[in-house]
Amino acid sequence: MRGSFRLFKVFGISINMHITFILLLFLFLAGGVKWLFILVGIFFFVTLHELCHSLVAKKFGIKVREITLLPIGGVASMTKMPEKPMHEFLISLAGPMFNIMVIVVFFLPLKYILGDEVLFHPLSAATWPLTIAYVYWINLVLAVFNLIPAFPMDGGRIFRALLATKLGIRKATRIAVSLGHLFALVFAYFGITRMNFILVIIAVFIYTAASGEEMQVNVKETLKKFRVRDILPQDFVSIKPDATLGNVLETVFHNRQEDFPVVADGKMAGFITRKDLVTGLHQFGKDKTVSEVMRKDFPKVKDTDTLVKAQNVMQANGVTALPVLKDGDAIGVITIEDIGRVYAMISRKD
Ligand code: ZN
């Protein structure tokens, strides 16, 4: 996520902190060391909450690149959305379930050690035992808050997953998004009338994120109907490995194409993207040959794959163009712009 920096990496997932989190740090620092302890507690349990989502997602083959910690909670960036409603149900449930588990497991030990007086005291950081109780109850707040059925929060995702098993993903999303918008408006109302700006920020976040996901689902459902071969540009150019970067640049100028399969003796040997070309020209000049700059290990799609698959492969690998193969031979290149054009065409019709 933009404006965030990496703290550490765990299970191959980068844990990032958003700059705005620093503001919170200053705010809590002003309150002294006990408040700092509470902040670390929030940080710790939000991270574990997000990691639980991520580990279940991983079980279903969904990679999580990073977890970003914002002042209003954490966001796990997944490379794709879960395919099956059941998967989304379990992924979404994992986070709040973790917090509930913490509450259950530590309830009796803390009741015994701190005593009822401290454990059931209103939240306060007046003494260390009260501070520990505070950190413990953060889990209840995280569980309850995230289970509110305001899509795209966890509760909203669980709600959509349950609806999707009956109504299909498109209709289920539309209903969940409407409910998400409704919650956002209610949050915004209370945020403004009670001067609670965190609540207003959360409302804006929920509203825009819900709309964004509805759009995403619509795109995906549309793209499912098409295969790569249905939209593959017919004229395509491949490049020989001994061509120079200067040659490739000329080819770019003469054709609409900007990413090229590199073919040697009728076999695909590599792939060179617009980005590879630009960096190559910058670093080595135009006399360097393609074989020295091209990617030898590159993601690809088959002509029979759906556009959703192509989009997922691009997203997972952070590329905007893919070579298209038929029986092992390169027969074209598909770009994110090609896919975008299809969606724009279709969505204009309805
Ligand atoms: Zn969650």
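Let's talk about the overall build of the protein
Step number 1: Within the protein, the regular secondary structure consists of 14 helices and nine strands.
Step number 2: Across its three principal directions, the C-alpha atoms of the protein cover 80 × 45 × 35 Å.
Step number 3: Within the protein, the proportion of its 350 residues that are buried is 44%.
Step number 4: A sequence separation of at least 24 residues applies to 59% of the contacts in the protein between residues at least 6 apart.
Step number 5: For the protein, the computed accessible surface area is about 19300 Å², with 64% contributed by carbon and sulfur atoms.
Step number 6: Distance from the positive charge centre (39 side chains) to the negative charge centre (28 side chains) of the protein: 5 Å.

Quick look at a nonpolar patch on the surface
Step number 1: Among the surface-exposed residues, Phe-5, Leu-7, Phe-8 and Ile-19 lie close enough to one another that they form a single nonpolar patch of about 340 Å² accessible area.
Step number 2: Mapping Leu-7 onto the fold places it in strand S1 (residues 4-10).
Step number 3: We classify Leu-7 as partly exposed; its relative accessible area is 35%.

Focus: the packing of aromatic side chains
Step number 1: Inspection of every chain in the model, using the stated rule, returns nine aromatic pairs.
Step number 2: Consider the rings of Phe-271 and Phe-298, whose centres lie 6.2 Å apart with planes at 35°: the pair is tilted. Linking Phe-271 in strand S6 (residues 267-272) with Phe-298 in the loop between helix H12 (290-293) and strand S7 (301-302), this pair joins segments that are 27 residues apart in sequence.
Step number 3: Of the residues examined, Phe-271 reaches a relative accessible area of 2% and is grouped as buried.
Step number 4: Owing to a relative accessible area of 9%, Phe-298 belongs among the buried residues under this scheme.
Step number 5: Members of the aromatic cluster, joined through ring pairs, are Phe-107, Phe-120, Tyr-136 and Trp-137.

A few points about the sheet that holds strand S8 (residues 321-326)
Step number 1: What the three strands build is an open sheet, ordered S7-S8-S9; its pairing is mixed. At either margin of the open sheet sits one strand with a lone partner, and together these are S7 and strand S9 (329-335).
Step number 2: Contacts from helix H13 (residues 307-317) reach S7, S8 and S9 within the one sheet, and its direction differs from that of S8 by about 130°.

So, H13
Step number 1: Among all positions of H13, only Leu-307, Val-308, Ala-310, Gln-311, Asn-312, Val-313 and Met-314 are buried.
Step number 2: Backbone geometry just downstream of H13 places Gly-318 in the positive-phi region, at approximately 65°.

Some details on the pattern of salt bridges
Step number 1: The tally for this structure, following the rule as stated, stands at 12 salt bridges.
Step number 2: Note that Asp-338 is salt-bridged to Arg-341, the shortest N-O span being 2.9 Å. Note that Asp-338 and Arg-341 are positioned in helix H14 (residues 336-349) at a spacing of three residues, about one turn of the helix.
Step number 3: The exposure class assigned to Arg-341 is exposed, which follows from its relative accessible area of 52%.

A word on the domain arrangement of the protein
Step number 1: Domain boundaries in the protein define domain 1 (1-147), domain 2 (151-223) and domain 3 (228-349).
Step number 2: With centres defined by C-alpha atoms, the gap from domain 1 to domain 3 works out at 42 Å.

Cut-offs applied
- Throughout this description, residue numbers start from 1 for each chain and increase along the sequence as written.
- Only residues with pLDDT of at least 70 are given local features in this predicted model, and only at 80 or more are side-chain atom pairs given and counted; all residues enter the totals for whole chains, interfaces and linings.
- Side-chain measures were taken over the full set of non-hydrogen atoms in the model, leaving aside hydrogen atoms and water.
- Numbered from the N terminus, helices here are DSSP runs of H or I no shorter than four residues, and strands are runs of E no shorter than two.
- Three exposure classes are used, based on accessible area relative to the maximum for each residue type with a 1.4 Å probe and protein chains only: buried under 20%, partly exposed in between, and exposed over 50%.
- Contacts are assigned to residue pairs with any non-hydrogen atoms lying within 4.5 Å of each other.
- Here the accessible surface of atoms and residues is derived via Shrake-Rupley with a 1.4 Å probe, and residues count as covered only by protein chains that are part of the display.
- Counted as positive: Lys and Arg. Counted as negative: Asp and Glu. His and the chain ends are not counted at all.
- Charged side chains are reduced to one point each, which is NZ for Lys, CZ for Arg, CG for Asp and CD for Glu.
- Note on patches: the residues involved have over 30% relative accessible area and no salt bridge, like charges join within 9 Å, and the nonpolar side chains Val, Leu, Ile, Met, Phe, Trp and Tyr join within 5 Å.
- What counts as a salt bridge is simple: a side-chain nitrogen of Lys or Arg found within 4 Å of a carboxyl oxygen of Asp or Glu.
- When the centres of two rings from Phe, Tyr and Trp lie within 6.5 Å, Trp using its six-membered ring, the rings pair. Their planes under 30 degrees apart give stacked, over 60 give edge-to-face, and anything left gives tilted.
- DSSP calls a pair of strands paired once it identifies at least 2 bridges connecting them.
- A fitted line through C-alpha atoms represents every axis, and for helices the fit uses only the stretch in contact; the resulting angles, taken between N-to-C directions, go from 0 to 180 degrees.
- In this entry, domain limits derive from an automatic or database-based domain assignment.

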